[in-house]
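# Analysis of the macromolecular model
Spelled out, the chains give:
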Amino acid sequence: VTEFCGSAVIDVMGFSAAEFVATPGLWWQCLHPEDVRRIKKAFSEGTDKPRLGFDYRFQRKDGRYRWLRSELRRRILPDGTFSRELIGFTTDIEESIQREAARRKMEIERMRTERTLETVSKIQQRMLHATSVAELYSEACQTLVKDGYYQWVVITEPKNSDEVCFSAVTHQ
């Protein structure tokens, strides 16, 4: 049960403080379904901890999901146990999540490019030692399969000397 929310809650979550206080369970209802289990687990495992913190997706009043981070703490009671009451704050982390996803995507692309360049270099080295076009194609196919680009590659006889025909199956 929410007893108090600051007025900034509307900026972060899209609901007014009055709506949060008047609607028990509103926060739980707005969690992304894929995050509910993880958040429930954090709460259940955090009953004997002074602090809780987690990132999650929250559906704002306008229907959009935003990534948020909540940092919560419990008061320590005179007997040394923790109160059930949680006090904390929530921050919109959507932009940092998007920046991190873009950074990971760029890193994956960089690694793919490096790997492709390494494979092209291997094929070029094999081309220098090939004694026939058939051997050249065979070496290129073996390299593409060995480096994990394809499960298998077959080069077929071209219709004319300017074409290369091949079939390949990629890894799923």
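Refer to the structure printed above.
Residues numbered from 1 in each chain as written. Predicted model: local features only at pLDDT ≥ 70, side-chain atom pairs only at ≥ 80, totals over all residues. Heavy atoms only, no water.

Take the packing of helix 5 (residues 94-129) against helix 6 (residues 133-146) next. At their nearest, the axes of helix 5 and helix 6 sit 9 Å apart, and the two run at 155 degrees to each other. Classified by the angle their axes make, helix 5 and helix 6 are roughly antiparallel. Between helix 5 and helix 6 lies a crossing whose hand is right-handed. Residues Thr-119, Lys-122, Ile-123, Arg-126, Met-127 and His-129 of helix 5 lie in contact with helix 6, whose contacting residues are Glu-135, Leu-136, Glu-139, Ala-140, Gln-142, Thr-143 and Leu-144. A per-class count over the contact of helix 5 with helix 6 returns five nonpolar, four polar and four charged. (Axes fitted to C-alpha atoms, helices over the stretch in contact; angles between N-to-C directions. Helix = DSSP H or I, 4+ residues; strand = E, 2+ residues; numbered from the N terminus. Parallel < 35°, antiparallel > 145°, perpendicular 65-115°, else oblique. Left-handed = near helix turned anticlockwise from the far one by under 90°. Contact = heavy atoms within 4.5 Å. Nonpolar A, V, L, I, M, F, W, Y, C, P; charged D, E, K, R; others polar.)

Right, let's talk about the pairing of strand 1 (residues 51-59) for a bit. Pairing of strand 1 with strand 2 (residues 65-76) involves nine bridges; the strand directions are antiparallel. Along strand 2, the bridge assignment pairs Tyr-56 with Leu-68. Hairpin connection of strand 1 to strand 2: five residues between the antiparallel strands, including Gly-63 at a positive phi of 95 degrees. (Pairing = 2+ DSSP bridges.)

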